[in-house]
Protein chains: 2
Amino acid sequence: MTTIYQVSELAGVSLSSVSRVMNNHQHVSENTKNKVLAAMEQLDYRPNETARSLASSCSNCIGILVSELHGPFYGDMLSGIESELRAVGKHSIIAAGHSDESSEIEAIRFLIDRNCDALILLVDAVSDDYLINLSKGSTPFALINRQIPELTENCFYLDNKLGGYLATKHLLDQGHREIAYISGPISKQDANERLIGHKNALTEFNLEFNNDLFFEGDFLTKSGQIGIKKLLEGKQKFTALSCANDEMASGAMRGARDFNLDIPADCSIMGFDNAFFTEYLYPQLSTIDYPIKNMAQMATHWILKNVYKKSNLTIENLFTPTLILRESTTSI
Amino acid sequence: MTTIYQVSELAGVSLSSVSRVMNNHQHVSENTKNKVLAAMEQLDYRPNETARSLASSCSNCIGILVSELHGPFYGDMLSGIESELRAVGKHSIIAAGHSDESSEIEAIRFLIDRNCDALILLVDAVSDDYLINLSKGSTPFALINRQIPELTENCFYLDNKLGGYLATKHLLDQGHREIAYISGPISKQDANERLIGHKNALTEFNLEFNNDLFFEGDFLTKSGQIGIKKLLEGKQKFTALSCANDEMASGAMRGARDFNLDIPADCSIMGFDNAFFTEYLYPQLSTIDYPIKNMAQMATHWILKNVYKKSNLTIENLFTPTLILRESTTSI
DNA sequence: TTGTAAGCGTTATCAT
DNA sequence: ATGATAACGCTTACAA
């Protein structure tokens, strides 16, 4: 391994000068700069990032915590972050929290221990208070898909209420009046807000929320299948179904087939998230786009701006969902 | 930040003793050990991993390079690696290579510069020679989904030939004799081997490979749709189709619908990889399981064993694909 | 078993 | 503008 010493020796200058040109400090003469650059080139010198971190107490490393690494959602997020980061010579280290509180907390400690300059967190098990407290520590962090009033600056979230509204509004616009809803766990903020949006749309059309048309799932495929079964077996008929995410919608499509229902002719189905696989389904799923990649990039920009002091970056915290019309919904 | 100094002071022992108990060295008396542990506890001491890396020239960090972070495949891989690694206090840093040669090379340099103790590479743009040369460097690496004779120890790969064979063999067993094939880019090793497996199965049944029943796609959905269209428009009839991956199979299913074909009644379709979304499709896709998560974990074990000298780990390099029967195939 | 002291490869603070 | 020199927080001979 070639070190800064050897470069300085070959260039005939001191350590400090080499360090200065490495870090683009001003007040270095063209002459020494050239000598150093030449020596670096000749030795194929690569600075030791660990040593730089230790000396500068800046690791150029961002910690990322997500619930799960697999699944259709997080890949887009990571991919957005990785490209932004590597373009500026920084990198990320990634951990999974598995939506379990103690596991998430442990993972956050793990990342902080690794001297991450900042964190990007997609967590749902940890409490608001924990995060508010964490914000008093010395590691800045961005929160994705979460809204905490005390931490607005750090939060990058979707207008879930609007999303839920948009989904149901679309069905209403198509003439549906009996609209079932399969929710995520209402204990989760996003699931809850999407449901509120659904209710808002109903209200706008002077429709009352009917509990017989409601099923609380767990965001997984299977619960969509189970949900639609329960709904179909209930007394209350419906011509459309809005689901709080695409997985459950896909499960619902399967469940509908078990009842020999034709989609969308017999029942329109809406998803939420616009996961890549929605295009693979038959019929292709109408859904609500969740711009997760943009959000992840924005969180990265926020860190670039606030931690690494890059300017020229405008930050937005609230993201707008959009309606994606495909084949699974039709007018009545 | 509390350092080892403060711990040693509070415990009333030297730096080295603290370091020794941190690293579980033998030859430390119960007494000092307890004092140190107590002091650590009291100060909530967390060792500075950067400093440890620098002093020990071991970063406890594995670099991971994949083609893309999104898509149905890599999440499982990363998830397998992350859990194995964090369980032993190590971590990973992740980069994407985008199947572009210079980009992959740059990413590898990037990871090596970060002092990764080892790498896990899922690369397809970089040449065998490059990797053989890389193996002479000081950073050990594991290769996933690739087989290089000179580097057999480092390679963790699927028996793609067997997979291709299994897929077509299943179709043959079901009575099909006119079997079309949609391949990946044959310039890619895995695509090529899967095709060979297909041909082997045909041969076993005394069938000749028919070029009119062959289409070379690019592993993406769209090419499956285009492929089956071309095939259906050709003169040669077929009752079954084997695809070199699930994306193309899903595209083919869509393409078949454009021709009002019923699957599997009019045409059986096989996929390859067993991506999670194959269960969401209708009908659910029969496919070949690619145990990517196991393979990633095995690569991690290999590193644990060879780089970190953990014993009790048996390493296997070749993985066996298995047939997953679902709804998209039926006997004739 | 324990402590001393010399690194690890940088950055950063001073002088000059 | 440049160069000594002291950190950065830890590991690891080597000595005791």
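Structure first, text after, so check above.
Quick caveat, the model's predicted, so the values are computed rather than measured.

Student: Whenever I open this one, the protein's contact with DNA strand C confuses me. Can you help?
Tutor: Neighbouring residues of DNA strand C: 27 residues in total, closest Ser19 of chain A together with Ser16, Arg20, His27 and Ser29 of chain B. Within 4 Å of the protein, atoms of DNA strand C come from sugar and phosphate in 62% of cases. At 2.7 Å, a backbone N or O of Ile4 of chain A approaches a phosphate oxygen of DNA strand C. With respect to DNA strand C, the side chain of Asn23 of chain A contributes an N or O atom lying 3.0 Å from a phosphate oxygen. If you tally residues by element for the surface near DNA strand C, the top one is helix H4 (residues 49–56) of chain A, at four residues.

Student: Looking at this structure, I do not really get the relation of the copies chain A and chain B. What am I missing?
Tutor: A rotation about some axis, followed by a shift along it, carries one copy of the chain onto the other. For the match of chain A to chain B, the screw axis carries a shift of 0.1 Å, the RMSD comes to 0.2 Å, and the turn is 180°. Taken together, the turn and the small shift mark the pair as related by a two-fold rotation axis. Among all residues of chain A, the minimum C-alpha distance to the rotation axis is found for Ile93 of chain A, at 2.3 Å. Both copies contact each other with a shared surface, as 100% of the interface residues of chain A are interface residues in chain B too.

Student: Would you explain the sheet that holds strand E9 (residues 268–270) of chain A in this entry?
Tutor: The strands making up a sheet associate through hydrogen bonds between their backbones, and the pairing can be parallel or antiparallel. All names here are of chain A. Overall, parallel pairing links the four strands, which are arranged E7-E6-E8-E9 in an open sheet. The open sheet has two edge strands, strand E7 (214–216) and E9, and neither has a second partner. Sheet twist, expressed as the average angle between the axes of neighbouring strands with direction ignored, equals 15°. Here strand E6 (residues 179–183) runs beside strand E8 (residues 240–243); their pairing, made up of four bridges, is parallel.

Student: Which parts of the structure should I look at to understand the interface of chain A and chain B?
Tutor: Interface size is commonly expressed as the accessible surface area that is lost when the partners come together. Listed as interface residues are 48 residues of chain A and, on the opposing side, 48 residues of chain B. Of the roughly 4,400 Å² buried at the junction of chain A and chain B (both faces included), carbon and sulfur atoms supply 54%. A per-residue breakdown of the area chain A buries against chain B is headed by Arg86, Arg254 and Tyr280 of chain A, which together make up 16% of the total. Summed over the shared surface of chain A and chain B, the result is eight salt bridges. The residue Asp44 of chain B makes a salt bridge to Arg109 of chain A at a minimum N-O spacing of 3.1 Å. Connecting chain A to chain B are 21 residue pairs in polar contact (both at pLDDT 80 or more).

Student: Can you walk me through the protein's contact with DNA strand D in this structure?
Tutor: Close contacts around DNA strand D come from 27 residues, with Ser16, Arg20 and His27 of chain A together with Ile4 and Tyr45 of chain B the closest. What you see for DNA strand D is that sugar and phosphate hold 63% of its atoms within 4 Å of the protein. In the environment of DNA strand D, a phosphate oxygen lies 2.4 Å from a nitrogen or oxygen atom belonging to the side chain of Tyr45 of chain B. Listing elements by their share of the surface near DNA strand D, those giving two or more residues are helix H2 (15–22) and H4 of chain A together with helix H1 (4–11), helix H2 (15–22) and helix H4 (49–56) of chain B. Tallied by class, residues from the surface near DNA strand D come to 12 nonpolar, 12 polar and three charged.

Student: Just checking my understanding: could you explain the environment of Ser102 of chain A for this structure?
Tutor: Within the fold, Ser102 of chain A resides in helix H6 (residues 101–113). A polar side-chain atom of Ser102 of chain A sits 3.0 Å from a polar atom in the side chain of Asp100 of chain A.

Student: Explain the packing of helix H5 (residues 74–87) of chain A against helix H12 (residues 292–306) of chain A to me, please; I cannot follow it from the model alone.
Tutor: Any two packed helices are characterised by how steeply their axes cross, that is the angle between the axes, and by the distance between the axes. Residue and element names in this part refer to chain A. Contact geometry of H5 with H12 gives a least axis separation of 8 Å together with a crossing angle of 35°. Between H5 and H12 lies a crossing of right-handed hand. Between H5 and H12, the residues in contact are Asp76, Met77, Ser79, Gly80, Ile81, Ser83, Glu84 and Leu85 and Ile292, Lys293, Ala296, Gln297, Thr300, His301 and Leu304, respectively. Among the residues making up the contact of H5 with H12, the classes are represented as six nonpolar, six polar and three charged.

Rules and cut-offs
Residues numbered from 1 in each chain as written. Chains lettered and ligands numbered in written order. Predicted model: local features only at pLDDT ≥ 70, side-chain atom pairs only at ≥ 80, totals over all residues. Heavy atoms only, no water. Near = heavy atom within 4 Å. Polar contact = N/O pair within 3.5 Å; in protein donor to acceptor, adjacent residues only side chain to side chain. Helix = DSSP H or I, 4+ residues; strand = E, 2+ residues; numbered from the N terminus. Least-squares fit on C-alpha atoms with pLDDT ≥ 70 in both. Contact = heavy atoms within 4.5 Å. Pairing = 2+ DSSP bridges. Axes fitted to C-alpha atoms, helices over the stretch in contact; angles between N-to-C directions. Buried area = accessible area lost by both parts, 1.4 Å probe. Salt bridge = Lys/Arg side-chain N within 4 Å of Asp/Glu carboxyl O. Nonpolar A, V, L, I, M, F, W, Y, C, P; charged D, E, K, R; others polar. Left-handed = near helix turned anticlockwise from the far one by under 90°.

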